[in-house]
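# Structure at a glance
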Amino acid sequence: MDFSADLIRAILDARRIVVFTGAGVSQESGIPTFRDAMTGLWETFDPGKLATPEGFAANPDLVWGWYEWRRSKVIHSQPNAGHRAIAELAGMTKNLTVVTQNVDDLHERAGSQDVIHLHGSLHKPRCSICGAAHAFADAVPIEPPEGRKIQPPACVLCHGMVRPGVVWFGEELPHAAWAKAHSAAEGCDVLLSVGTSSVVYPAAIIPLTAAQAGARVVQVNPLPTAHEEAVHDKLIGKAGEVLPTLVEVLRRELI
Ligand code: BV8
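Quick summary incoming for the structure in this document. Keep in mind that this is a model prediction, so the values were computed, not measured.

Another point: the packing of helix α5 (residues 81-92) against helix α9 (residues 239-254). In contact at an axis separation of 8 Å, α5 and α9 are set at 25 degrees when each is read in the N-to-C sense. For the element pair α5 / α9, the angle class is roughly parallel. Judged by the twist between their axes, the crossing of α5 over α9 is left-handed. Residue-level contacts link Ala81, Gly82, Ala85, Ile86, Glu88, Leu89 and Met92 of α5 to Ala239, Gly240, Leu243, Pro244, Val247, Leu250, Arg251 and Leu254 of α9.

See the structure below:
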């Protein structure tokens, strides 16, 4: 894959870079993307319905089982070359912020620091009543078979039902994370949008905010997205292939 000289220059000269990621960046780690998370027994369910407070209230064991299946897949997966390239890029540029829609910790395990999670984390469950953080038992969960219902644990403080620590559809994004992400997008010179279909709001506003603030928006995706018109550079391909190649070209420029 070739990159234009002015794109390489723009990245190296950028005072601030935002890397905005979605489920596609974890796809090569074996984590199904959100729109194809429903494989096997799950496929009879709509993630848009499971990933909601109503879905959890109606069928807590099914929803908790889905999240435990996903958490187990993340624990048994490794960051891929795309995650690692993003972490390396931070060491080659002046100021880089990772803003992710993902609820896995693969960016952190690849070495990225201060990752902003707009949609929460699989690893931070909390009580649905008193909000207290819930500590998972140390043992790595066995990978529950797809479609297996698992009763959510009870809060140790109030015995309320523990829920996944993610932002469901219809729920507000965490204010602090949103404010930090929005401010980073307003102040960046380059935004790399990696592995997102750009259909979920308000997260999908982040690349548009950067574009409106005059940043160069670079899209890394094998397929077109809902934001084609806001993108300046379309790097068509998988994150785990495009990003390591980009980092290699940048590294040669820095020698
Ligand atoms: C809210 C956590 C209001 C849970 C998720 C306008 C404004 C505001 C809200 C709305 C609005 N319009 C509609 C809404 C409502 C809704 C929404 O956006 N609906 C969509 C479906 C239309 N938004 C909300 O409900 C949000 N909350 O608005 O609250 C409010 C305000 C005040 C007070 C109370 C309430 C909350 C949204 C958050 C939902 N939670 N995740 C969980 O994970 O289970 S969203 C979920 O979708 C994941 O986080 C996922 O990351 C995210 C976005 O999807 P993508 O990451 O893009 O994944 P997807 O599968 O779609 O695409 C993958 C891409 O990767 C593809 O493009 C593919 O080509 C590419 N790819 C594949 N392989 C690779 C690759 N790319 C690179 N390399 C590869 N190898």
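Anyway, onward from the coordinates.
Taken as a whole and judged by the stated rule, the model has 4 aromatic pairs. Between the aromatic rings of Trp66 and Tyr67, the centroid separation amounts to 5.0 Å while the plane-to-plane angle is 65 degrees, which identifies the pairing as edge-to-face. Residue classification places Trp66 among the buried residues on the basis of a relative accessible area of 0%. Aromatic ring contacts, followed pair by pair, group Phe56, Trp66, Tyr67 and Trp168 into a single cluster. Its guanidinium or amino end placed over the ring of Phe136, Arg71 lies 3.3 Å from that ring's centre, counting from NZ or CZ. In this arrangement the basic side chain of Arg163 is found over the ring face of Trp168, its NZ or CZ atom lying 3.9 Å from the centre.

Let us look at the site of the ligand. Inspection of the region around the ligand gives 35 residues, with Tyr67, Arg70, Val167, Gly170 and Ser197 positioned closest. One of the backbone nitrogen or oxygen atoms of Ala23 is found 2.7 Å away from an oxygen atom of the ligand. Gln27 places a polar side-chain atom, nitrogen or oxygen, 2.8 Å from a nitrogen atom of the ligand. Expressed as a share of its isolated accessible area of 1500 Å², the protein-covered part of the ligand is 75%. Among the detected pockets, the ligand sits in the largest pocket.

What counts as what
- Residues numbered from 1 in each chain as written.
- Predicted model: local features only at pLDDT ≥ 70, side-chain atom pairs only at ≥ 80, totals over all residues.
- Heavy atoms only, no water.
- Axes fitted to C-alpha atoms, helices over the stretch in contact; angles between N-to-C directions.
- Helix = DSSP H or I, 4+ residues; strand = E, 2+ residues; numbered from the N terminus.
- Parallel < 35°, antiparallel > 145°, perpendicular 65-115°, else oblique.
- Left-handed = near helix turned anticlockwise from the far one by under 90°.
- Contact = heavy atoms within 4.5 Å.
- Phe/Tyr/Trp six-rings, centres within 6.5 Å; stacked < 30°, edge-to-face > 60°.
- Buried < 20%, exposed > 50% of the residue type's maximum accessible area, 1.4 Å probe, protein only.
- Lys NZ or Arg CZ within 6 Å of the ring centre and 35° of its normal.
- Near = heavy atom within 4 Å.
- Polar contact = N/O pair within 3.5 Å; in protein donor to acceptor, adjacent residues only side chain to side chain.
- Areas by Shrake-Rupley, 256 points an atom, 1.4 Å probe, with all protein chains shown as cover.
- 1 Å grid on protein atoms, 1.4 Å probe; cavity = no way out; pocket = protein on both sides within 12 Å on 5 of 7 lines; lining within 4 Å.
- Sits in = over half its atoms within 2 Å of the grid points.

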